[in-house]
Protein chains: 2
Amino acid sequence: VPKALLFDDTLRLVKDQPKPRATNGESLVSVHLAGICNTDLEIAKGYMNFRGIIGHEFVGTVEESTSKGLVGRRVVGEINCVCGQCVNCQNGRATHCANRTTVGIDHRDGALAEYVAIPNRNLHIVPDGVSDEAAVFAEPLAAALEILEQIHVKPTDKVVVLGDGKLGLLVAQVISLTGADVTVVGRYAHKLRILDSLGIPTMLLDRASSEAGATAASDDRMRAADIVIECAGKPEGLSLAREIIRPRGTIVLKSTYVGSNSFSFTQLAVDEVRIVGSRCGPFAPALRLLAKGSVQVEAMIEAVFSIDDAERAFAAALAPGAMKVLIRPRH
Amino acid sequence: VPKALLFDDTLRLVKDQPKPRATNGESLVSVHLAGICNTDLEIAKGYMNFRGIIGHEFVGTVEESTSKGLVGRRVVGEINCVCGQCVNCQNGRATHCANRTTVGIDHRDGALAEYVAIPNRNLHIVPDGVSDEAAVFAEPLAAALEILEQIHVKPTDKVVVLGDGKLGLLVAQVISLTGADVTVVGRYAHKLRILDSLGIPTMLLDRASSEAGATAASDDRMRAADIVIECAGKPEGLSLAREIIRPRGTIVLKSTYVGSNSFSFTQLAVDEVRIVGSRCGPFAPALRLLAKGSVQVEAMIEAVFSIDDAERAFAAALAPGAMKVLIRPRH
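Treat the numbers as computed from the prediction; the structure is a model and nothing was measured.

Visitor: Help me understand the side chain of His56 of chain B, please; the structure alone is not making it clear to me.
Guide: All names here are of chain B. Along the polypeptide, His56 turns up in the loop between β4 (52-53) and β5 (57-65). The class for His56 is buried, based on a relative accessible area of 2%. What His56 contacts, discounting residues up to four positions off in sequence, is Cys37, Thr39, Asp40, Ile79, Val103, Ile105 and Glu139.

Visitor: Before we go on, may I ask you to explain the sheet that holds strand β1 (residues 4-8) of chain A in this structure?
Guide: Either a parallel or an antiparallel arrangement is found when strands of a sheet pair, and the pairing is made through backbone hydrogen bonds. Residue and element names in this part refer to chain A. The strand order across the open sheet built from 3 strands is β2-β1-β4, with neighbouring strands paired in antiparallel fashion. Taken across any chain shown, the strands that pair with only one partner, and hence form the sheet edges, are β2 (10-14) and β4 (52-53). In terms of strand pairing, β1 meets β4 through 2 bridges, oriented antiparallel. Paired with Phe7 across the strands is Gly52, a residue of β4.

Visitor: Honestly, the interface of chain B and chain A in this entry has me stumped. Any pointers?
Guide: Contacts between the two partners involve 39 residues from chain B, matched on the other side by 39 residues from chain A. A buried area of about 3400 Å², summed over both sides, lies between chain B and chain A, and 51% of it is on carbon and sulfur atoms. Seen at the junction of chain B and chain A, the total is 2 salt bridges. Here Glu146 of chain A and Arg248 of chain B are joined by a salt bridge, their closest N and O atoms 3.4 Å apart. Taken together, chain B and chain A are joined by 17 residue pairs in polar contact (both at pLDDT 80 or more).

Visitor: Is there a simple way to think about helix α10 (residues 310-318) of chain A in this case?
Guide: Every α-helix winds through 3.6 residues per turn, so residues three or four apart in the chain are directed the same way. Residue and element names in this part refer to chain A. Listed as buried for α10 are Ala310, Ala313, Phe314 and Ala317. Down the axis of α10, the smallest arc covering the buried residues is 95°, so these residues share one side. Away from its buried face by more than 90 degrees, α10 exposes Glu311 and Arg312. Contacts from the buried residues of α10 go to β1, β2, β3 (26-36), α1 (38-44), β18 (301-306) and β19 (324-328).

Visitor: I would appreciate a short explanation of the pairing of strand β3 (residues 26-36) of chain B in the present structure.
Guide: Residues and elements named next belong to chain B. Summarising burial for β3: 10 of the 11 residues are buried, a large majority. Bridge analysis of β3 against strand β9 (residues 115-119) gives 5 bridges, and the strand direction is antiparallel. When the sheet's bridge partners are listed, Leu28 is paired in β9 with Ala117. Note that β3 and β5 share 8 bridges and pair antiparallel. Counterpart to Val29 in the pairing with β5 is Val62.

Visitor: It is not clear to me how unusual backbone geometry should be interpreted in this structure. Could you clarify?
Guide: For residues that are not glycine, phi is negative in most cases, and the peptide bond is trans in most cases. Although it is not a glycine, Asn49 of chain A sits at a positive phi angle of roughly 50°. As for its placement among the helices and strands, Asn49 of chain A is situated in the loop between α1 and β4. At Arg248 of chain B, a position not held by glycine, the phi torsion is positive, near 65°. Along the polypeptide, Arg248 of chain B turns up in strand β15 (residues 245-253).

How each quantity is defined
Residues numbered from 1 in each chain as written. Chains lettered and ligands numbered in written order. Predicted model: local features only at pLDDT ≥ 70, side-chain atom pairs only at ≥ 80, totals over all residues. Heavy atoms only, no water. Helix = DSSP H or I, 4+ residues; strand = E, 2+ residues; numbered from the N terminus. Buried < 20%, exposed > 50% of the residue type's maximum accessible area, 1.4 Å probe, protein only. Contact = heavy atoms within 4.5 Å. Pairing = 2+ DSSP bridges. Buried area = accessible area lost by both parts, 1.4 Å probe. Salt bridge = Lys/Arg side-chain N within 4 Å of Asp/Glu carboxyl O. Polar contact = N/O pair within 3.5 Å; in protein donor to acceptor, adjacent residues only side chain to side chain. Arc of directions from axis to C-beta.

Below, the structure is given as structure tokens:
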């Protein structure tokens, strides 16, 4: 009987989860590998009031499908399950579907499980040359690419990425592909070294002064950025972004965290700064970049655990400075 | 001896203000008419810590100039006095000059006076067909046009303008020229009537429920706006904007007020909303629209006072629901 990681006030391994059915335009995917995202850690703290099987980063093989051509194919899947009928769906904003459910996040069981049911339209076939360990990054890599769907990053732009979390490392790599002058500000030398090895300049945020971002904000490499991409995962990121952005510059917000910031919108008007919220992105270019080897993801894997060790896996993912923790649902 | 309105902890009429000199690429303008802007009211409360002659909306005649061709011409003037050398000036962002002074707002005497000195490069000659009473609106009309410099408003867009203040009325008129479906939400029936008479739909914000914007936010005309332009002049404007903007929509911030808002940036990321700060704009198109009669400004004049009645003029400008109060410095 299939295993799954259920969040229901607490997170626990369920060993007799009924196998989902592939009905209504859906496929049943046998999960090879699934990632733990910061959103999963937030859900475990109560974010979205989600109850169900968590997990939304996965790669697997289609075992059953209402679309015969998908059976047996190795796939990754978009997480927003949409109605196709609402004003957002019909105007090119399907990820904002008014009636959406979201895999492992909002009213739909997720992929930290042996099986997950996914709408056929959400599935993307993984090219043969892309390993499972790379393909499992398709979802966060698509989220990084969403920035380039939303704003024009020019080769001559000076871009600062705030945050060396898993998303920050992907964003830095994707934005660097434009030729822009990218600097990544982070807290963990071992994570910044991954970027150093790819030729992407980095800067260690001095933890002692990080609350005010004083060190970073006074560093010449930081000042007067055309674009700041906030992936810090906490309110201080936006404060630092505001200090280093140039007039008429663009701040992209990728962080999602519980709570509100206090913010001077008047200064935003005076400096004519833009703030752009950014969430899920396109899978097809993510798979193309993985197939070409243009983005390095396997160096970002912290550890791979069996689903039987899910408790240890989550502890590892929660450790300060942890990179991507993966779970293998089947042996 | 010239008169001027000086702010120096208190606002007072000075009757022996030395006449400024036209040196260093500047002109001496004899002011015909000057407007009181909300920014002046904020300055009188301490905004910008300004000390000096206030006022930045004016029309006048050049009396002396280092540029002979300007002498005797009727002019309006841009308010940002810039260095031309800094990185912002040299990259097309002169209104954000790092070394700027601002007429009547920041380290430079203003135009609520018989005379004001203005850099020649800031002056725009007023077409003959434009009255003084219309030309004095060039500065706020340029600020309204700045929105169209910054974002693309499409003829098919649904736009909501929040606020029926002086700027809100100008913004509504300018945005309506695009053909977009504009609705203006305001608090004063007598101001909204000006727009009604121009064929621009309006909606009275119910004062009883306005804190939450409950009435407006639940009205079908308000929901799912492509663009919301926040001219409400207070924090509640942004909260209502956030309630009615569609996913991936754009909120333009025109309001400047003292203080900070508490704001959920996570929800901004989830809905991929854009926020664009907006300040000073281009004078040339403002004068073109005034010359063509495409924007109606004279109906927005509350009263014209002599500079000797400045105290009464400011009291009139401060009254709830007041429209544009003008001051005539010379008799």
